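Here is what each chain is made of, one letter per residue.
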Amino acid sequence: RAQFSGWVEQGIRMVKMKVGRAPEDDLRRVRVAREAIGDNTQLFVDANGGYSRKQALEFALRFRESGVNWFEEPVSSDDLNGLRLLRDRAPEGMEIAAGEYGYDSWYFRRMLEAQAVDVLQADATRCAGITGFLKAGVLCEANCLPLSAHTAPSIHMHVCCCVPAVRHLEYFHDHSRIEGMLFDGVVRPKDGRLYPDLSRPGIGLELRTADAHRYEAA
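Residues numbered from 1 in each chain as written. Predicted model: local features only at pLDDT ≥ 70, side-chain atom pairs only at ≥ 80, totals over all residues. Heavy atoms only, no water.

Visitor: Before we go on, may I ask you to explain the side chain of Asp123 in this structure?
Guide: Secondary-structure assignment places Asp123 in the loop between strand 5 (119-122) and helix 6 (129-142). One buried charged residue, Asp123, forms no salt bridge at all, with the nearest opposite charge on Arg126 at 4.1 Å. At a separation of 2.6 Å, a polar atom in the side chain of Asp123 contacts the side chain of Thr125. Among the polar contacts listed, one links the side chain of Asp123 to the side chain of His150, at a separation of 2.8 Å. Look past the residues within four positions of Asp123 in its chain and what remains in contact with it is Glu100, His150, Thr151 and His156. (Helix = DSSP H or I, 4+ residues; strand = E, 2+ residues; numbered from the N terminus. Buried < 20%, exposed > 50% of the residue type's maximum accessible area, 1.4 Å probe, protein only. Lys, Arg positive; Asp, Glu negative; His and termini not counted. Salt bridge = Lys/Arg side-chain N within 4 Å of Asp/Glu carboxyl O. Polar contact = N/O pair within 3.5 Å; in protein donor to acceptor, adjacent residues only side chain to side chain. Contact = heavy atoms within 4.5 Å.)

Structure, rendered in structure tokens:
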């Protein structure tokens, strides 16, 4: 409650929570989250492939009662048929998302050809860097689907600005914290949005060597 309501107070209008680890608690937790954020903030859930197909279908219907409009990896991202089933049968207003584990354009192409998602996710730290992320964006544009950047907000900030298919960028709490520990030029939300600092070169980051030195392996 405290974490979610705090993000809303910062102007963030979309929040995401994990589900699937303890399914028996998920409906209660989602209801508590909705109460904490109110009716004007979007609520996303991410199961990390933790449900079976039939479980996921049931939870999709129940989560929608709490206004959930984004269901990420309801089943394993390797189960393209299962994702397609969820995409076809999820309640109106709920999008199915996956793709964060993609490591090349062929992975994304297979997912899109299977019509497995409403929104494709890509992560530049996994999919061959900025070049791979740009390729994912082209595939999404060609298939008339949106792209969502997975975590590492400071890495994705600039490239997201030049990909027409991008829907949003995930401001992942742990990554943002670690970025701030080690780099200058880290982006911070302003009224729930991220803006690149165009006065800095490249992607705007500069490693603070002295701060990173203590983590160096012996």
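Picking up after the structure, the text goes on.
Visitor: In this structure, what is going on with unusual backbone geometry? I would like to understand it.
Guide: A positive phi angle is found at Glu73, which is not glycine, with a value near 40°. Looking at Glu73, the relative accessible area reads 1%, which means it is buried. Located in the positive-phi region is Gln115, a residue other than glycine, with phi close to 50°. A relative accessible area of 42% means that Gln115 is categorised as partly exposed.

Visitor: I'm lost on the packing of helix 2 (residues 23-37) against helix 3 (residues 53-64) in this one. Help?
Guide: Angle between the axes and distance between the axes: these two values describe a pair of packed helices. Between helix 2 and helix 3, whose axes approach to 11 Å, the crossing angle comes to 15°. Our classification of the angle between helix 2 and helix 3 gives roughly parallel. Of the two elements, helix 2 crosses helix 3, and the hand of that crossing is right-handed. Residues Pro23, Asp26, Leu27 and Val30 of helix 2 form the contact with helix 3, whose own contacting residues are Gln55, Phe59, Arg62 and Phe63. Classifying every residue of the contact of helix 2 with helix 3 by side-chain character gives five nonpolar, one polar and two charged. (Axes fitted to C-alpha atoms, helices over the stretch in contact; angles between N-to-C directions. Parallel < 35°, antiparallel > 145°, perpendicular 65-115°, else oblique. Left-handed = near helix turned anticlockwise from the far one by under 90°. Nonpolar A, V, L, I, M, F, W, Y, C, P; charged D, E, K, R; others polar.)

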